[in-house]
Every structure is written in C-alpha cells, then in structure tokens.
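Observations on the three-dimensional arrangement
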Amino acid sequence: MGMAAESQFHVLAVDDSLIDRKLIERLLRTSSYQVTTVDSGSKALEFLGLRENDESNPNTPSISPNNHQEVEVNLVITDYCMPGMTGYDLLKKIKESSSLRNIPVVIMSSENVPSRINRCLEEGAEEFFLKPVRLADLNKLKPHMKKTKMKEQKQETEEKFDNSEVEQTQQFQKEQQEAPKSQDLMPESESHTQPTIEQQQQSLHQTNSNKRKTMEQGLSPETDRTRPRYSGIATVV
C-alpha cells in the first residue's frame, strides 16, 4: 500500500557525473519512486517546461514557459557542482518560476562547505545531502513531496471556490442589468399599479403643496367644496 503510494511520486535527478547519476537513480527506484535523470541544469529546465531565451547574455539566461512538459515532477534532486549551470543556479531558477516554485529541491554535494549549505537552504532547498547519498537520506524526501501535494490540492480547492464566487457575482450583475429592461417592457396598467418609491414621494409632496396653497388663501379644501359663494348677488325677501 505504501509502496504503491510512493510510486506515484516522480523525481527528476540532475548530475553531470554518470556514476553518481546511476547511483541516485538506483536508490530512488529501490525506494519505489519514478525517476528521470538528466546530466545538466539546462536539460532539467527544459524537462520542467522552461527554456532559456536570452541569447544576448548566456551567463544570465532568462526563463520562459514551454508547454511541452507532460510528466508531473514532484521533486528535483541535483548535484551542486556542475559545469555551466550549477545546482544552486538551477534551484534559483525553479524558485523564481511562478509555475514551479512549489516543487521541492534537494541539493547534493561531495564537499561539506557550511556557507554553501546555508546559501542553498536560504534560497529554498529542502535538504542538502553529502555524497555518497544513502538510502536513509532518501527516506527524508517523501514528507516534502506529500506536503507539496497537499498544498497543491488546497490551492486547487481555493481556486475552484474563487471561480464559483466570481461566476455568482457575474450572474448577479447580469440580472441587475436586465432588471430595468424588464420594467420598461412591463404593461402600462401594471406600471401604474406599482409606482416606485420616488414617484410616491413626489405625489405626496405635490398633494401637501396644494393643501398649503389653499390654506394660505384662507380656504380649507372642505369649506371650499361646501360653502356657496355670493359675489355681487342681492337676496330679495
């Protein structure tokens, strides 16, 4: 059961030494990991779906996405001392990539240099192994890959939730935009029976204004309707 779960993890091993590359491959396969090996940092970036595209300055290549990668990589283990691009340079390129920065990176070296080790760990390396790498060292890899898997699943769940909220917001906005059109298409009889609040306020204001004018003229609405008016007419008894 555990072996089957571990076999789902894919490790990219990078080393310019054929002997060391074969050794790390054998140890990883013994631990039931899927393994891909390459002999340089540039080939590792290419396999990860990145390519160097700055020909003007080959010493500081810029990296751009390449969509040819079909196999998911769960961890990169790389030698530190390699010609061209070192393991430290490869680590930096991976951590600078928005699509790859979550992939755990482990550095290997035959030299025990504390400053080198600290620099790699500060840049984001998960582990720093001294060569020759032992099977006990590889037992430390699985927790890093599981942690990354859980983080990716959490991000996917959050993205789905965010997308759902965006869709609901867009649907609400669409309904709000269509509402005035529905009111414009409403039959005249219905529109009269359902005056808006603003129309009601305007009607009430007009009624109060008329009453106020009548009162100012000394006539209330009631007496104005019932009292007979005598203008220049004499009553004969």
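All values derive from a computational prediction rather than experimental measurement.

**Considering the sheet that holds strand E2 (residues 34–38)**
With respect to topology, 5 strands assemble into an open sheet ordered E2-E1-E5-E6-E7, the strand pairing being parallel. The sheet is open, and its two borders are formed by E2 and strand E7 (127–130), each paired with just one other strand. Averaged over all adjacent pairs, the angle separating strand axes in this sheet is 20 degrees, with direction ignored. As judged from the 5 bridges shared by strand E1 (residues 10–14) and E2, these two strands associate in the parallel manner. When the sheet's bridge partners are listed, Ala13 is paired in E2 with Thr37. Taken strand by strand, helix H2 (residues 18–30) contacts E1, E2, strand E5 (75–79) and strand E6 (105–109), and its axis lies near 170 degrees from that of E2. In the packing of helix H5 (residues 114–123) onto the sheet, the strands contacted are E6 and E7, and the crossing angle to E7 comes to about 150 degrees.

**Some thoughts on the pattern of salt bridges**
Counted according to the given criterion, the structure contains 7 salt bridges. Linking Asp39 and Lys43 is a salt bridge whose minimum nitrogen-to-oxygen distance equals 3.2 Å. For Asp39, a relative accessible area of 31% gives the class partly exposed. Residue Lys43 is classed as partly exposed on the basis of its relative accessible area, which comes to 43%. Glu111 serves as the salt-bridge partner of Arg116, at 3.0 Å between the closest nitrogen and oxygen. Salt bridges sharing common partners tie together Asp15, Asp20, Asp79 and Lys131.

**Considering the packing of aromatic side chains**
Applying the stated criterion across every chain, the model contains 0 aromatic pairs. Above the face of the Tyr88 ring, Arg119 is positioned so that its terminal group lies 4.2 Å from the ring centre.

**Let's talk about the pairing of E6**
The buried fraction of E6 is high, at 5 of 5 residues. Every second residue of E6 is oriented toward a common face, with Val105, Ile107 and Ser109 on one face and Val106 and Met108 on the other, all of them buried. Where E5 and E6 come together, 4 bridges link them in parallel fashion. By the bridge assignment for E6, Asp79 is matched with Met108. Regarding the hand of the β-α-β motif, the stretch spanning E5, helix H4 (residues 87–96) and E6 is right-handed. Once the chain exits E6 it traverses H5 before rejoining the sheet at E7, and the crossover so formed is right-handed.

Conventions adopted
- Residues numbered from 1 in each chain as written.
- Predicted model: local features only at pLDDT ≥ 70, side-chain atom pairs only at ≥ 80, totals over all residues.
- Heavy atoms only, no water.
- Pairing = 2+ DSSP bridges.
- Helix = DSSP H or I, 4+ residues; strand = E, 2+ residues; numbered from the N terminus.
- Axes fitted to C-alpha atoms, helices over the stretch in contact; angles between N-to-C directions.
- Contact = heavy atoms within 4.5 Å.
- Salt bridge = Lys/Arg side-chain N within 4 Å of Asp/Glu carboxyl O.
- Buried < 20%, exposed > 50% of the residue type's maximum accessible area, 1.4 Å probe, protein only.
- Phe/Tyr/Trp six-rings, centres within 6.5 Å; stacked < 30°, edge-to-face > 60°.
- Lys NZ or Arg CZ within 6 Å of the ring centre and 35° of its normal.
- Right-handed = clockwise from strand over helix to strand, strands pointing away.

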